[in-house]
Amino acid sequence: MQASRARLFKEYKEVQREKVTDPDIQLVCDDSNIFKWTALIKGPSETPFEGGVFQLAFSVPEQYPLQPPQVRFLTKIFHPNVHFKTGEICLDILKNAWSPAWTLQSVCRAIIALMAHPEPDSPLNCDSGVTSQWQGCTPGLQPCPRRDKFHNLLSP
Amino acid sequence: MQQQSAIQAEEAEKIPFVGDKEPLSSLAAEYKAGGSPVLLEKIKILSEQYAAIRRTRGDGNCFFRSFMFAYLEHILESQDRAEVDRVRANVEECRRTLQKLGYPEFTFEDFFALFLEQLESVIQGSEASISDEELVKRSRDQSVSDYVVMFFRFVTSGEIRKRSEFFEPFILGLTSASVEQFCKSAVEPMGEESDHVHITALSDALGVPIRVVYLDRSSCDNGSVSVNHHDFTPVAGNNNSGGSEAVNPFITLLYRPGHYDILYPK
């Protein structure tokens, strides 16, 4: 508990320093609880998510950084590796491949990378996975025509 | 997949991170019921040279956990101040390696600090000194034990990435991953099992020789049985490894396919 608090405090200080260097990520710690964070990340360019801002919720366990933070999308997102209802994210570094070398900030970067390059083999949103197969290409990499489709699916 | 790892975790928790020292006969007892004759023969040969075994939990961290305990116990028993100073210098070198590789200091410094604290505490004569019982207790305490294991994982990863040209062919023999991917997926995460690559890197980085004794069902073509071992000897010229002459490893581990335990010579 003490160790995780100390580590999170270091991350907090680092985040203050990094704000300028990474304009795509805005990571904020809850005022009263250092184990709760939220992040606003910018949708990567040349993907259906370009121009969007997505909110993530972090819940950090007491065994952090030996155990990964729990992260989910608060903003609804249509993506093969994100559960459409719960916002749960299927990403190896948030599970088995986690290590203390990762930080909350670098997790945000990894999630942005996942938005641009989905992993169709581990879908949490099967419709989106099927969509990508049916279209015969990796979702997110073809901008305009696809984007309309995504928007249609997002607002039924 | 998830169920499988849950079952493994449950099984693993039946023994502590680091067990008690047991006579080598307990190893033979394990194979008495329907065991292979080759194994029993090999254990007999082992018992000529080795007196005891200390088991570690099979949670994927067994190599690092065995190394941690065997190393700290050796310092506790030998009170070898020169070895402590030597290894400290290498730990500082590992710190610089990680810095140069671009790891933010705050991601690894707590793990380094905790290892150095343990190293200092096994040297007797200060207020922080600990007994061998306390060393066993700490090795079973997750908040110490897992932090030290993680320290070794950082050191191992740093060494592999620093000498990526050397390690690359060995890694290509294990997986199709790049050196960096290998470190990210098979070295740094807790619970990832260790291979030759990990042992070589850790031994080189800290300049500590390690003997691994192999116990498996293999035998020679002519039916004769012998027990093989391999000494991981730190490369000369890399860090402070105390020279290139044949060193006698003070750490001996028993390898059975998929698992490491600690062996005690007679």
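Residue indices begin from 1 for each chain and proceed along its sequence in written order. Just so you know, chain letters begin at A and ligand numbers begin at 1, following the order they were written in. Owing to the predicted nature of the model, reporting of local features is limited to residues with pLDDT of at least 70; listing and counting of side-chain atom pairs is limited to 80 or more, with chain, interface and lining totals taken over all residues. With hydrogens and water stripped out, all remaining heavy atoms of the structure feed into the side-chain values.

### A short note on the confidence of the model for chain B
Residues and elements named next belong to chain B.
Then, in step 1: Taken residue by residue, chain B gives an average pLDDT of 91. The fraction at 70 or more is 94%.
Then, in step 2: Confidence, read as mean pLDDT per element, is least for helix 1 (residues 2–12) in chain B (70) and greatest for helix 4 (residues 62–78) (98).
Then, in step 3: In the predicted assembly, ipTM is 0.87 and pTM is 0.88. pLDDT: the predictor's confidence for each residue, scored from 0 to 100. A helix here means a DSSP run of H or I that spans at least four residues, while a strand means a run of E at least two residues long, and both kinds are numbered starting from the N terminus.

### Thoughts on the pairing of strand 6 (residues 259–265) of chain B
Residues and elements named next belong to chain B.
Then, in step 1: When accessible area is computed with a 1.4 Å probe and restricted to protein chains, residues below 20% of their type maximum are described as buried, those above 50% as exposed, and intermediate ones as partly exposed. The element strand 6 is largely enclosed, with a buried count of six among its seven residues.
Then, in step 2: Pairing geometry for strand 2 (residues 50–56) and strand 6, over four bridges, is antiparallel. Each bridged residue has a counterpart across the sheet, and for Arg54 the counterpart in strand 6 is Ile262.
Then, in step 3: For two strands to be treated as a pair, DSSP must find at least two bridges joining them. Between strand 5 (residues 251–256) and strand 6, which pair antiparallel one after the other, the connecting turn spans two residues, and Gly258 there sits at a positive phi close to 95°.

### Quick word on the pattern of salt bridges
Residues and elements named next belong to chain B.
Then, in step 1: A pair is scored as a salt bridge if a Lys or Arg side-chain nitrogen falls within 4 Å of a carboxyl oxygen belonging to Asp or Glu. Scanning the model with the defined rule gives 29 salt bridges over all chains in all.
Then, in step 2: Arg55 serves as the salt-bridge partner of Glu22, at 2.9 Å between the closest nitrogen and oxygen. Residue Glu22 is located in strand 1 (residues 18–23), and its partner Arg55 is located in strand 2; the two are separated by 33 residues in the primary sequence.
Then, in step 3: Arg256 is the salt-bridge partner of Asp261, the closest N and O atoms lying 2.9 Å from each other.
Then, in step 4: Under the relative-accessibility criterion, Asp261 is labelled buried at 1%.
Then, in step 5: Accessibility expressed as a relative area gives 11% for Arg256, which makes it buried.
Then, in step 6: Among the charged side chains, a salt-bridge network with shared partners connects Glu22, Glu30, Arg55, Arg256 and Asp261.

### A few points about the interface of chain A and chain B
How big an interface is tends to be reported as the loss of accessible area on association of its parts.
Then, in step 1: Every residue pair with non-hydrogen atoms within 4.5 Å of one another is taken to be in contact. On the side of chain B, 14 residues touch chain A, which itself brings 16 residues to the contact.
Then, in step 2: Here the buried area means the combined drop in accessible surface, using a 1.4 Å probe, for two parts upon being joined, counting both sides. Summed over both partners, the interface of chain A with chain B comes to about 1,300 Å²; 67% of that surface belongs to carbon and sulfur atoms.
Then, in step 3: Sorting the residues of chain A by area buried against chain B places Lys10(A), Leu66(A) and Ala101(A) first, and these three jointly supply 39% of that buried surface.
Then, in step 4: Linking chain A with chain B are two salt bridges, by the criterion used here.
Then, in step 5: Each polar contact in these results corresponds to two N or O atoms within 3.5 Å; when the atoms are within protein, one needs to be able to donate a hydrogen and the other to accept it, and residues that are neighboring in sequence are counted only if both atoms are side-chain atoms. Taken together, chain A and chain B are joined by three residue pairs in polar contact (both at pLDDT 80 or more).
Then, in step 6: Across the side of chain A that touches chain B, the residue classes tally to nine nonpolar, three polar and four charged. Throughout, the ten residues Ala, Val, Leu, Ile, Met, Phe, Trp, Tyr, Cys and Pro are labelled nonpolar, Asp, Glu, Lys and Arg are labelled charged, and all others, Gly among them, are labelled polar.

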